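Coordinate analysis (summary)
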Amino acid sequence: METSPKKPLNFDNTEIAFRNQSDADLNAGYWLFKVISSNFLTRVGPPITNFFLNIGLPIKGIIKATIFKHFCGGETIAECEKRIQQLAAGRVGTILDYSVEGEEKETVFDFTCEEIIRTIERADGDPRIPITVFKVTGIARFALLEKLDAQQTLNDAEQAEFDRVKVRCEKICRNAFERKVPIMIDAEDSWIQDTIDQLAMDMMRKFNKNGIIVYNTYQMYRHDKLASIKADHEIAKAEGFILGVKMVRGAYMEKERERAAAMGYPSPIQPDKAASDKDYDESLRYSMVNINEIAIVCGTHNETSCRLLTELIDQYNVEYNHPHVYFAQLLGMSDNLSFNLSDAGYNVTKYVPYGPIKAVMPYLFRRAQENTSIAGQTSRELGLIIKEKKRRNA
Ligand SMILES: Cc1cc2nc3c(=O)[nH]c(=O)nc-3n(C[C@H](O)[C@H](O)[C@H](O)COP(=O)(O)OP(=O)(O)OC[C@H]3O[C@@H](n4cnc5c(N)ncnc54)[C@H](O)[C@@H]3O)c2cc1C
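Residues numbered from 1 in each chain as written. Predicted model: local features only at pLDDT ≥ 70, side-chain atom pairs only at ≥ 80, totals over all residues. Heavy atoms only, no water.

**Some details on the pairing of strand S6 (residues 294-299)**
What counts is decided by this rule: Here's how the labels work: a residue is buried when its accessible area is under 20% of the maximum for its type, exposed when over 50%, partly exposed in between, all with a 1.4 Å probe on protein chains only. Helix and strand assignments come from DSSP, with helices taken as H or I runs of at least 4 residues and strands as E runs of at least 2, each series counted from the N terminus. For two strands to be treated as a pair, DSSP must find no fewer than two bridges joining them. Here the term right-handed applies to a crossover when the path leading from its first strand over the helix to its second strand runs clockwise, the strands being oriented away from the viewer.
Here S6 lies mainly inside the structure; six of its six residues are buried. In S6, alternate side chains face the same way, and those of Ile294, Ile296 and Cys298 on one face and Ala295, Val297 and Gly299 on the other are all buried. Bridge count for strand S5 (residues 243-248) against S6 is five bridges, and the pairing is parallel. Across the sheet, Lys246 pairs through a bridge with Val297, a residue of S6. Looking at chain direction, S6 and strand S7 (residues 325-330) are connected through four bridges and run parallel. Looking at S7, one finds that Ile296 is bridged to Val325. Between the parallel elements S6 and S7, the chain passes through helix H14 (residues 303-315) in a crossover that is right-handed.

Encoded structure:
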């Protein structure tokens, strides 16, 4: 096996980053990021869009042709095929992410469970889809998870409800195990995360004995999560299973801080960005030292962390395409990282969210929020597109 990448890595190479995109695609991306870089529009956009959708105004077509097209694969698995092909052409894998959030009904949870299983079936035998994913709130009622997290006693009906959540979770992970398709469990709000962590550890105990199937997600913007990785690693070692670690910084910082302040408990979030970065990079180092016992998915758009991981791969003499090391980004973001890493020979995949337009709106609003300009600067994505447009027109 080769131990070093085939080609030198240059994250500024926008030619490689956008080579699967036509001039028209690039222009569409340019205007999209121009619009969402406006703090004002990103603030007023979500309530107005939700209002329009709720009163039935025909704006779905506009959303589908613009922001949805950029960040999502389609409304169904079949509609994602074009994206799967496009990513695979640049050696980047797809993670089909059924992005329906905030539902409350048991029938919806059962449907979502079956839909997640359909993503596993779709991935089975297709190397273009190396990993799958789900969110526990897609198969469980938020308030139930919250009650469990707060260690409140469940009544009989709630206990039966939670038993059904466990059945769904196990059904999904067993399916992944039988088809040998790895599956990640996303991280969510801290006030339901202990329950998610327990479910994830139970699934890893069951299905990671002979190789990596289930990954939990660790949000390094939480000050306690580096310690959690280390503690979970000790448990995995003692019980003889591979620890699956998808590491991210975390998507719900404002909400976390606001809730902690409003309810008067200490914020679970790191004091500053530097502290999140430090723990993120430390978790990469820790995992690479223990790479035979920990499988990682480095879920980030941070160039420094991606570069660090490539350096650690060299330092610890790990094969660059080792099955325990994946880089992952979100569709429509940081193509300069994804495609330059894959071009250099690393394992790279991208989340390809899909689902009915109205249901994926919370996901789209989060992406818009993330791409607003900071203090008048051009956002990262817009800057890359401008660079590539200039290169093509030179
Ligand atoms: C493949 C993939 C999967 C993901 N899955 C999940 C998931 O399951 N759950 C989830 O919550 N998120 C998930 N995310 C989103 C992720 O948590 C981040 O919100 C997003 O990727 C931005 O962080 P970054 O590492 O890419 O880059 P950066 O731009 O370097 O970091 C931004 C992040 O740093 C942190 N941060 C910013 N300012 C501060 C501050 N003042 N103090 C402390 N921390 C700060 C925040 O987490 C912020 O999102 C995922 C992202 C990717 C790419």
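**Quick look at the side chain of Asn208**
Put simply, the rule reads: A 3.5 Å cut-off defines polar contacts: any pair of N or O atoms within that distance qualifies, except that in protein one atom must be a possible hydrogen donor and the other a possible acceptor, and neighbouring residues in sequence count only when both atoms are side-chain atoms. In what follows, residue pairs with any heavy atoms lying within 4.5 Å of each other are defined as contacts.
Looking at the element boundaries, Asn208 is found in the loop between helix H10 (190-207) and strand S4 (214-219). For Asn208, a relative accessible area of 0% corresponds to the buried category. Within the structure, the side chain of Asn208 is placed 3.0 Å from the backbone nitrogen of Ile213, a separation counted as a polar contact. Within polar-contact distance, the side chain of Asn208 engages the backbone oxygen of Ile242 at 2.9 Å. Beyond its immediate sequence surroundings of up to four residues, Asn208 is in contact with Met203, Ile213, Val214, Phe241, Ile242 and Gly244.

**Topic: helix H12 (residues 253-263)**
Note on helix geometry: an α-helix contains 3.6 residues per turn, so any two residues three or four positions apart are oriented the same way. What counts, and what does not: To obtain the arc, one takes the directions from the helix axis to the C-beta atoms.
Among all positions of H12, only Glu256, Arg259 and Ala260 are buried. Take H12 and look down its axis: the buried residues cluster within an arc of 100°, on one side only. In this structure, H12 carries Glu254, Glu258, Ala261 and Ala262 as exposed residues pointing more than 90 degrees from its buried face. Here the buried face of H12 lies against helix H8 (142-149) and H10. Positive backbone phi, at 75°, marks Gly264, one or two positions downstream of H12.

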